[in-house]
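# Remarks on the overall topology
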Amino acid sequence: MQKFDDTLLSDYMDSFLGYGATNADYWFVGMEEGGGNSFEEVNRRLTQWDERGRNALEDIYDYHLDIGVSKWFQKKAPLQPTWNRLIRVLLAAKGVAPERELVRSYQIEQLGRSNGEVCLLEFLPLPSPTTNHWLYDKHSDIPVLASRKLYVQQIGMDRVKTIAQRMLEYQPKFVMFYGIGYLDWWQKVANTVLNPTLVHDKTAYFGKSGDTAIAVSQHPVAQGVSLEYFHEIGRTLSEIRDSIRNK
């Protein structure tokens, strides 16, 4: 059975947060990154992260090229299902019509760049294709990876503190957490009142913390959630920002 370098894997879990820059104006926080279908794929991610300097935040374009995933950034790239809707939230918040080709251009050229305006954070550090898929117990001897449940419980509390502290320090214009099923975790990070609101027949939550507008949305790839749902969340985040500036 192939084994990860557990020292490297542990360092990755302690340090890797996602893509972009923490001084970016707009943050999106998801539960975890997709992928991680095989030992080889995860090991390639770990190795490249190590060789690139063990950055807490990576440039999404450069890092994905180094791990051999370039299709999302080529000319006429397909729209990545999750990023597509996050970009639509951002454009709507900025008062820009989120037309399909504009979304595609933003994905290819701007999303998650180390010098850009968007920070994509992962609440949990290890990639996983689904919540039912767990390969780490077979390829690592790190005790916390013995089960997904143990991993989420123990790593989760550390990440709450890390992300909350960075939000307090950098005060982004908005933070959108996505995945209503993880509302309890998002509430812990935001540490503020989040009010439920019906948006195009689906629930979203809104609030503010300091100078930051906050939303919790359905997951971008959840069934039955319209594009207009995400457009409206973007517009609502903009309205919350306006109310903060005008107080």
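None of the values given here were measured: they were computed from a predicted structure.

Attention shifts here to the pairing of strand E8 (residues 212-217). Taken across its six residues, E8 has six buried, putting it largely inside the fold. Alternating positions in E8 separate into two faces, Thr-212, Ile-214 and Val-216 on one and Ala-213, Ala-215 and Ser-217 on the other, with burial throughout. Relative to E8, strand E5 (residues 174-178) runs parallel, the two being bridged by five bridges. Bridging across to E8, Phe-174 finds its partner in Ala-213. Connecting strand E7 (residues 202-209) to the antiparallel partner E8 that follows it, the hairpin turn spans two residues, and Gly-210 within it adopts a positive phi of roughly 60°.

What follows covers the nonpolar core. By size, the foremost hydrophobic cluster in this structure holds 80 residues, and its most contacted members are Phe-28, Leu-145, Phe-174 and Phe-177. Broken down by element, this core gets its largest block of residues, seven residues, from helix H4 (residues 81-93). Filtering out sequence-adjacent residues up to four positions away, Phe-28 remains in contact with Leu-86, Val-89, Leu-90, Val-118, Cys-119, Leu-120, Leu-121, Phe-174, Met-176 and Tyr-178.

Interaxial distance between helix H7 (residues 148-170) and helix H8 (residues 183-190) falls to 8 Å at its minimum, and their mutual angle equals 40°. Between H7 and H8 lies a crossing of right-handed hand. Contacts between H7 and H8 involve Val-152, Gln-153, Gly-156, Met-157, Val-160, Ile-163, Ala-164 and Met-167 on the former and, on the latter, Trp-185, Lys-188 and Val-189. Its residues assigned to classes, the contact of H7 with H8 comprises eight nonpolar, two polar and one charged.

Criteria and thresholds
Residues numbered from 1 in each chain as written. Predicted model: local features only at pLDDT ≥ 70, side-chain atom pairs only at ≥ 80, totals over all residues. Heavy atoms only, no water. Buried < 20%, exposed > 50% of the residue type's maximum accessible area, 1.4 Å probe, protein only. Helix = DSSP H or I, 4+ residues; strand = E, 2+ residues; numbered from the N terminus. Pairing = 2+ DSSP bridges. Core = buried A, V, L, I, M, F, W, Y, C linked by side-chain atoms within 4.5 Å. Contact = heavy atoms within 4.5 Å. Axes fitted to C-alpha atoms, helices over the stretch in contact; angles between N-to-C directions. Left-handed = near helix turned anticlockwise from the far one by under 90°. Nonpolar A, V, L, I, M, F, W, Y, C, P; charged D, E, K, R; others polar.

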